[in-house]
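Descriptive structure summary
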Amino acid sequence: MIDHIAIAVSDLQTSKLFYERALEPLGYRLSFGKEGVFWAFDVGDGALFEIQTSDSKPPLTHLHVAFRVNSKAEVEAFYRAALDAGATDNGAPGPRPEYAANYYACFVLDPDGYNIEAMVNEPVTPA
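What you are looking at is a predicted structure, and each value in this text was computed from that prediction instead of being measured. Starting afresh in each chain, residues are numbered from 1 along the sequence in its written order. pLDDT decides what is reported in this predicted model: residues at 70 or higher carry local features, side-chain atom pairs at 80 or more are listed and counted, and totals for whole chains, interfaces and linings draw on all residues regardless. Side-chain numbers come from the whole structure's heavy atoms, not from hydrogens or water.

With respect to the environment of Ser15
Summarising the element assignment, Ser15 is placed in helix 1 (residues 12–23). In the structure, Ser15 is positioned 76 residues away from Gly91 in sequence and 28 Å away in space, judged by C-alpha atoms. Counting from the N terminus, the helices are DSSP H or I runs at least four residues long and the strands are E runs at least two residues long.

Focus: helix 2 (residues 72–84)
Expected helix span is computed as 1.5 Å times (number of residues minus one). Taking 1.5 Å per residue, 13 residues should reach 18 Å; helix 2 reaches 18 Å between its end C-alpha atoms and fits that length. We call a residue buried when its accessible area falls under 20% of the maximum for its residue type, exposed when it is over 50%, and partly exposed in between, using a 1.4 Å probe and counting protein chains only. Turning to helix 2, its buried residues are Val75, Tyr79 and Ala82. Along the axis of helix 2, the buried positions cluster into a sector of 75°, meaning they face one direction only. Lining the buried residues of helix 2 we find strand 6 (88–95), strand 7 (103–109) and strand 8 (115–121). A positive backbone phi angle near 110° is found at Gly86, which sits one or two residues after helix 2. Picture the helix axis, draw a direction to every C-beta atom, and the arc is the one those directions span. In what follows, a contact means two residues having at least one pair of non-hydrogen atoms within 4.5 Å.

Details of the sheet that holds strand 6
For two strands to count as paired, DSSP must find a minimum of two bridges between them. A sheet is described by the order of its strands in space; here eight strands give the open sequence 2-3-4-1-5-8-7-6, paired in mixed fashion. Strand pairing shows two members of the sheet lacking a second neighbour, strand 2 (29–34) and strand 6, which therefore form its edges. Neighbour to neighbour, the strand axes of the sheet diverge by 20° on average, direction disregarded. The strands touched by helix 1 within the sheet are strand 1 (2–9), strand 2, strand 3 (38–42) and strand 4 (48–53), with strand 4 carrying the most contacts at an inclination of about 160°. Angles shown run from 0 to 180 degrees and are taken between the N-to-C directions of axes, each axis being a line fitted to C-alpha atoms and, for helices, limited to the stretch in contact.

In structure tokens form, the structure reads like this:
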């Protein structure tokens, strides 16, 4: 399942206002973001559509696709397979607490330089 897709925009504020209005009839709402960097819209079933400034630092690029996987082992397997297939490292597998408490992901750049992510956001289980 695709977890989220991020696209670069030329004017973040203008695009935010546009998508807020354009997506409203579909029931999609602004979910979270960071002023001047990116905004994420909840488009159902946990998936996000994100807009970002075009000059953001990695791991954000002009196109970003994140694949939701089932385990940290799958994140790591994707990372190894992608590198073996010729991808460039853009962030080794590891926790990403700046995204969510249990977010674990890796990032690679495909042959065209697009940022491809494998991620899992596992809930905390009581000990």
